[in-house]
Amino acid sequence: AGPLAAAGRRLAGLWRAVQPRAAAEARLVLGALRQGVAAVVCALGFCVAGLLGLVMLVVKVHRYALSEVLSDYHVAFCFAFPYCFRTLVSLAADWAPHWAPVCLWYSFLVQLLCTAPGAGRWPGSSTVFRVLLPLLFIAEGVSSESYLMRLNGSELLLLSYVLAGVKLEVALSPVFLLAFSSQVFAVALLGAHPLLGGYALEYTQALVCLTSLHATSGEARGGNEAGAAYPGGGGEAAPGPPA
C-alpha cells in the first residue's frame, strides 16, 4: 500500500501543479473565442448596416428620378421620344416617305426648343434655335436619313440628357457636366461589355441622368424663388406696405 499511496500523492501533486496552468489556458481560449464572436457580430452588423444604407440610397435615387419625370413633362418627352424614335420609324416605314424620319425628328426639336417656353435663365435661346435648326435640317435633309438611326440605346440616352439639360437651361451646371462626362466614359468603356453593357448600362444611365437633372433643376428653381422673394438683392427682404 505504501508505493501505491506514494504514487497517488505524486499524481495529486502533479495535478495541483498542472491545474492552474490549464485553467489559465482555458481562460485565454475563452477570451479569444469571445473576441472572435464579438468581431464576427460587429462585422455582420456593419454588413447589414451597409446593405440597408445601400438599399435606402437606391430607393432615394429612384424617387428623385421619378420625381423629375413627373414634375416636368418636357423631361419625360426628351427621354421617351429619342429612345423610341427607331420604333416609330419602323412602324411608319411601310407607308411614310423616305424623308419622314428627318422631318419627324426636326419637328420634335422645333416643338421642344423653339415653341415651348424655357426656364427663363437663357434669354434669347429660342431665337438662336429658330435660326440654327433650319440650317441643320437643310444639311441633314440632303441625306434623307436621320442620324438617330445609327445610335444605340446608350448614345440615345446621352442625346436625351443633353436635350433635357438644354430645355431646363442647366447644361452649363457643374453637376450636369460631371454626370455627362462620366456617362461618356462609361459608354466608351462598358458599351460593348456582354454583362455590364446593354440594358444594365442604359438603366444606370437613366437613373444618373434623371437624378442629376433633379439636383440641377432643383438648385435653379431655388435660385429663381430666392430672386423672386428678394428682388432688390443683397440678402434683404423687400419692404412691406406701410402700417
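Treat the numbers as computed from the prediction; the structure is a model and nothing was measured.

Participant: Please clarify how the confidence of the model for the chain should be interpreted in this entry.
Facilitator: A low pLDDT score tells you not to read the predicted coordinates there in detail. Overall, the predicted model of the chain reaches an average pLDDT of 79, with 77% of residues at or above 70. Throughout residues 224-243 the model reports pLDDT below 50, and contacts reaching past four residues in sequence, or to other chains, amount to five contacts.

Participant: Hey, could you run me through helix H6 (residues 153-168) in this one?
Facilitator: The first and last C-alpha atoms of H6 sit 22 Å apart over 16 residues, in line with the 22 Å expected at 1.5 Å per residue. Counted residue by residue, H6 has 14 buried out of 16 residues, so it is predominantly covered. Two or three places before Ser 154, at the opening of H6, Asn 152 has a side-chain oxygen 3.3 Å from that residue's backbone nitrogen.

Participant: Help me understand the environment of Ala 215 in this model?
Facilitator: Within the secondary structure, Ala 215 is located in helix H8 (residues 199-229). In this structure the C-alpha to C-alpha distance between Ala 215 and Ala 65, which are 150 residues apart in sequence, comes to 9.9 Å.

Participant: Looking at this structure, I do not really get a nonpolar patch on the surface. What am I missing?
Facilitator: A grouping of Leu 51, Leu 54, Leu 57 and Val 58 is seen on the molecular surface, where their side chains present a nonpolar patch of about 370 Å² in accessible area. With respect to the helices, strands and loops of the structure, Leu 57 is situated in helix H1 (residues 2-71).

Participant: What exactly am I supposed to notice about the packing of helix H2 (residues 73-83) against H6 here?
Facilitator: Two elements in contact, H2 and H6, have axes whose closest approach is 9 Å; the angle formed by their N-to-C orientations is 150°. Classified by the angle their axes make, H2 and H6 are roughly antiparallel. The interaxial crossing formed by H2 with H6 has right-handed handedness. Across from His 74, Val 75, Cys 78, Phe 79, Pro 82 and Tyr 83 in H2, the residues of H6 making contact are Gly 153, Leu 156, Leu 157, Ser 160, Tyr 161, Leu 163, Ala 164, Lys 167 and Leu 168. A per-class count over the contact of H2 with H6 returns eleven nonpolar, three polar and one charged.

Participant: Sorry if this is basic, but what is going on with the packing of H6 against helix H7 (residues 174-190) here?
Facilitator: Working note: a packed helix pair is described by the angle between its axes plus the distance between those axes. Contact pair H6 / H7: the axes reach a minimum separation of 11 Å and the direction vectors enclose 170°. Judged by the angle between their axes, H6 and H7 are roughly antiparallel. For the pair H6 and H7, the contacting residues are Ser 154, Leu 158, Tyr 161, Val 162 and Gly 165 in the first and Val 175, Phe 176, Ala 179, Phe 180, Gln 183, Val 184 and Val 187 in the second. Taken together, the residues that form the contact of H6 with H7 break down as nine nonpolar, three polar and no charged.

Participant: Looking at this structure, I do not really get the nonpolar core. What am I missing?
Facilitator: The tendency in soluble globular proteins is for nonpolar side chains to be buried as a group. Core analysis: the largest hydrophobic core is formed by 35 residues, its most contacted members being Phe 79, Trp 105, Phe 108, Leu 109, Tyr 161, Leu 163 and Leu 213. When neighbours within four sequence positions are excluded, Tyr 161 is seen to be in contact with Phe 79, Val 175, Phe 176, Ala 179, Phe 180, Gln 183, Cys 209, Ser 212 and Leu 213.

Participant: I would appreciate a short explanation of the packing of aromatic side chains in the present structure.
Facilitator: What describes a pair of aromatic rings is the distance from one ring centre to the other and the angle between the planes of the rings. The final tally for this structure, using the stated rule, is ten aromatic pairs. Arranged with centres 6.0 Å apart and planes meeting at 70°, the rings of Phe 85 and Trp 105 form a pair that is edge-to-face. Taken together, the residues Phe 85 in helix H3 (residues 85-92) and Trp 105 in helix H4 (residues 100-115) connect sequence positions 20 residues apart. Phe 85 gets classed as buried once you look at its relative accessible area, which sits at 1%. With a centroid separation of 5.5 Å and 75° between ring planes, the pair formed by Tyr 106 and Phe 137 is classed as edge-to-face.

Definitions and limits used
- Residues numbered from 1 in each chain as written.
- Predicted model: local features only at pLDDT ≥ 70, side-chain atom pairs only at ≥ 80, totals over all residues.
- Heavy atoms only, no water.
- pLDDT = per-residue confidence, 0-100.
- Contact = heavy atoms within 4.5 Å.
- Helix = DSSP H or I, 4+ residues; strand = E, 2+ residues; numbered from the N terminus.
- Expected span 1.5 Å × (residues − 1).
- Buried < 20%, exposed > 50% of the residue type's maximum accessible area, 1.4 Å probe, protein only.
- Polar contact = N/O pair within 3.5 Å; in protein donor to acceptor, adjacent residues only side chain to side chain.
- Patch = residues over 30% accessible without salt bridge, like charges linked within 9 Å, V, L, I, M, F, W, Y side chains within 5 Å.
- Areas by Shrake-Rupley, 256 points an atom, 1.4 Å probe, with all protein chains shown as cover.
- Salt bridge = Lys/Arg side-chain N within 4 Å of Asp/Glu carboxyl O.
- Axes fitted to C-alpha atoms, helices over the stretch in contact; angles between N-to-C directions.
- Parallel < 35°, antiparallel > 145°, perpendicular 65-115°, else oblique.
- Left-handed = near helix turned anticlockwise from the far one by under 90°.
- Nonpolar A, V, L, I, M, F, W, Y, C, P; charged D, E, K, R; others polar.
- Core = buried A, V, L, I, M, F, W, Y, C linked by side-chain atoms within 4.5 Å.
- Phe/Tyr/Trp six-rings, centres within 6.5 Å; stacked < 30°, edge-to-face > 60°.

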